[in-house]
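Below, each chain spelled out in residue letters.
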Amino acid sequence: MLENLKKYRIILASNSPRRRELLAGLGLDFEVRVLPDIEEDYPAQLPVQQIAEYIAREKAAAYRQLMAPDDLIITADTIVVAEGEVMGKPTDADDARRMLRKLSGCAHQVITGVCLTTVGRQRHFSVITDVTFKALTDAEIDYYVANYRPFDKAGAYGIQEWIGYIGVTGLNGSYFNVMGLPVQRIYTELCEM
């Protein structure tokens, strides 16, 4: 599959073990290359639905000058949006507990922006998944934060972890998007490159 990509060296620009696992699931040969200290800021007036895609494009721009002619760089960013608040990665355990309390008993959106960049082309898109949590107890939140330390996860949770097993009551959209990489949409976009 994806014979059209044989001319490219595919590079995943992410430290996320979940993104590596998901991209590997497509059967692609790729390498991981991560530049340090890429800013994840965005303009304050940017509509919430565009933030993750904007950051993914900014990450891709940081690689532009370092690209070889046969490179295909995949950059991504994931945010969680609950009641208008944009949640990235928590700063510490207290921030993680605060985020999980806000998600408790509510629906929220997980938005992942992706950018596929070659020297001559760029495709970018966002995928949105609606997730609903049951009302979580403080004990459940404390247990999850203490034992799973979700400090590298947007919204302070991993759907594939304990909190997802006991807390997620509804999902509309891509499960893998909630994990951090909408692999079905990436596959479709790569087929068209």
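This text goes with the structure placed above it.
The rules behind the values
- Residues numbered from 1 in each chain as written.
- Predicted model: local features only at pLDDT ≥ 70, side-chain atom pairs only at ≥ 80, totals over all residues.
- Heavy atoms only, no water.
- 1 Å grid on protein atoms, 1.4 Å probe; cavity = no way out; pocket = protein on both sides within 12 Å on 5 of 7 lines; lining within 4 Å.
- Points joined across faces, edges and corners; volume = space filled by probe spheres on them.
- Helix = DSSP H or I, 4+ residues; strand = E, 2+ residues; numbered from the N terminus.
- Nonpolar A, V, L, I, M, F, W, Y, C, P; charged D, E, K, R; others polar.
- Salt bridge = Lys/Arg side-chain N within 4 Å of Asp/Glu carboxyl O.
- Buried < 20%, exposed > 50% of the residue type's maximum accessible area, 1.4 Å probe, protein only.

S.K.: So what's going on with the layout of surface pockets? Which residues, and what values?
M.R.: The calculated volume of the largest pocket comes to roughly 690 Å³. Around the largest pocket, the lining comprises 36 residues; the ones closest to its centre are R19, E40, K59, D77 and K89. Those elements that place two or more of their residues in the lining of the largest pocket are α1 (17–24), α2 (51–63), β3 (71–82), β4 (85–87) and α6 (175–179). Its residues placed into classes, the lining of the largest pocket shows 20 nonpolar, eight polar and eight charged.

S.K.: Got a sec to walk through the pattern of salt bridges? Specific residues and values, please.
M.R.: Pairing between side chains of opposite charge can happen when their charged atoms approach one another. All chains considered together, the criterion is met by 19 salt bridges. The partner of E40 in a salt bridge is K59, with the nearest N and O atoms 3.5 Å apart. Residue E40 is found in the loop between β2 (30–32) and α2, and its partner K59 is found in helix α2; the two are separated by 19 residues along the sequence. A salt bridge links E189 to R185, with the nearest nitrogen and oxygen atoms 2.8 Å apart. In this pair, E189 and R185 are both assigned in helix α7 (residues 183–191), four residues apart and thus about one turn of the helix distant. Under the relative-accessibility criterion, E189 is labelled buried at 9%. Several salt bridges share partner residues, and in doing so they unite R9, E31, R33 and D71 into one network.

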